[in-house]
Amino acid sequence: TSDIHEAAGIIVSEKRPAEDKLWVDCLAVQPHHRNQRLGSQLLQFAGHYALSNNLSHIELCVVNNTNEFYLKNGFKEANDVRWSGLSKIYRKKVI
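Residues numbered from 1 in each chain as written. Predicted model: local features only at pLDDT ≥ 70, side-chain atom pairs only at ≥ 80, totals over all residues. Heavy atoms only, no water.

Let's talk about the nonpolar core
Then, number 1: The biggest cluster of nonpolar side chains holds 14 residues, and the ones touching the most others in it are Leu-22, Leu-27, Ile-58, Leu-60, Tyr-70 and Phe-75.
Then, number 2: Secondary structure elements with two or more residues in this core: strand S2 (21-29), helix H1 (38-52) and strand S3 (57-62).
Then, number 3: Beyond its immediate sequence surroundings of up to four residues, Leu-60 is in contact with Trp-23, Val-24, Tyr-70, Phe-75, Ile-89, Tyr-90 and Arg-91. (Core = buried A, V, L, I, M, F, W, Y, C linked by side-chain atoms within 4.5 Å. Buried < 20%, exposed > 50% of the residue type's maximum accessible area, 1.4 Å probe, protein only. Helix = DSSP H or I, 4+ residues; strand = E, 2+ residues; numbered from the N terminus. Contact = heavy atoms within 4.5 Å.)

So, a nonpolar patch on the surface
Then, number 1: A cluster of nonpolar side chains, Val-81, Trp-83 and Leu-86, forms an exposed patch at the surface whose accessible area comes to about 350 Å².
Then, number 2: Structurally, Val-81 is set in strand S4 (residues 76-83). (Patch = residues over 30% accessible without salt bridge, like charges linked within 9 Å, V, L, I, M, F, W, Y side chains within 5 Å. Areas by Shrake-Rupley, 256 points an atom, 1.4 Å probe, with all protein chains shown as cover. Salt bridge = Lys/Arg side-chain N within 4 Å of Asp/Glu carboxyl O.)

Let's talk about the pattern of salt bridges
Then, number 1: Scanning all chains against the criterion turns up three salt bridges.
Then, number 2: A salt bridge links Lys-21 to Glu-19; its shortest N-O distance comes to 3.0 Å.
Then, number 3: Residue classification places Lys-21 among the buried positions, given a relative accessible area of 7%.
Then, number 4: A salt bridge links Lys-21 to Glu-59; the shortest N-O distance between them is 3.5 Å. Residue Lys-21 is found in strand S2, and its partner Glu-59 is found in strand S3; the two are separated by 38 residues along the sequence. Glu-59 carries the same exposure label as Lys-21, and that label is buried.

Considerations on the pairing of strand S5 (residues 86-94)
For a regular strand, side-chain orientation follows a simple rule: the groups alternate between the two sheet faces.
Then, number 1: As defined by bridge partners, S3 adjoins S5 across six bridges and the pair is classed as antiparallel. Its bridge partner lying in S5, Val-62 is registered against Ile-89.
Then, number 2: Note: S4 against S5, seven bridges, orientation antiparallel. Within S5, the residue paired with Glu-77 across the bridge is Arg-91.
Then, number 3: Between S4 and the antiparallel strand that follows it, S5, lie two residues; Ser-84 among them carries a positive phi value of about 50°. (Pairing = 2+ DSSP bridges.)

Things to note about the confidence of the model for the chain
Close reading of the predicted structure is inappropriate where its pLDDT is low.
Then, number 1: Of all residues in the chain, 98% attain a pLDDT of 70 or more, and the chain-wide mean is 91.
Then, number 2: Taken element by element, the predicted model of the chain shows its lowest mean pLDDT in S4 (81) and its highest in H1 (97). (pLDDT = per-residue confidence, 0-100.)

Topic: the pairing of S2
Then, number 1: With eight bridges connecting them, strand S1 (residues 9-16) and S2 associate as antiparallel partners. Within S2, the position partnered with Gly-9 by the bridge is Val-29.
Then, number 2: The loop that links S1 with its antiparallel partner S2 comprises four residues; one of these, Asp-20, has a positive phi angle of about 55°.
Then, number 3: The pairing of S2 with S3 spans four bridges and is classified as parallel. Residue pairing for S3: Leu-22 is matched across the bridge by Ile-58.
Then, number 4: Read as a crossover between parallel neighbours, the route from S2 over H1 to S3 is right-handed. (Right-handed = clockwise from strand over helix to strand, strands pointing away.)

Laid out in C-alpha cells, this is it:
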C-alpha cells in the first residue's frame with residue numbers, strides 16, 4: 001500500500017516584514033476540489049498567519065482570470081502594471 005496522498009490545495013507565501021506584508025506567491029487548488037471554499041480557507045489561514053507575525057496586509061499577483069475570486073475574498077486593487085502588451089494585476093488585503 002502507498003502512503004502518498006495528493007494535496008487538495010496549497011499556498012506558498014513569504015513574510016516581508018520590511019514591507020509589512022505577507023506576499024502570496026502561489027495559491028492553487030486541484031480542479032476536483034474547487035468550489036468547496038478551500039481556496040478561501042487557505043487565504044483565511046494566510047490572514048491569521050500574517051496577523052500572528054504582526055504584518056498589516058497580504059499582497060499577491062492575480063493570474064489566470066482569478067481576479068473575481070480575490071475580490072470576493074476581500075482583496076482590493078493595489079496596482080496594475082502593463083508592459084509590452086503584458087499585464088500584471090496586484091491585489092492587497094488589509095488584515
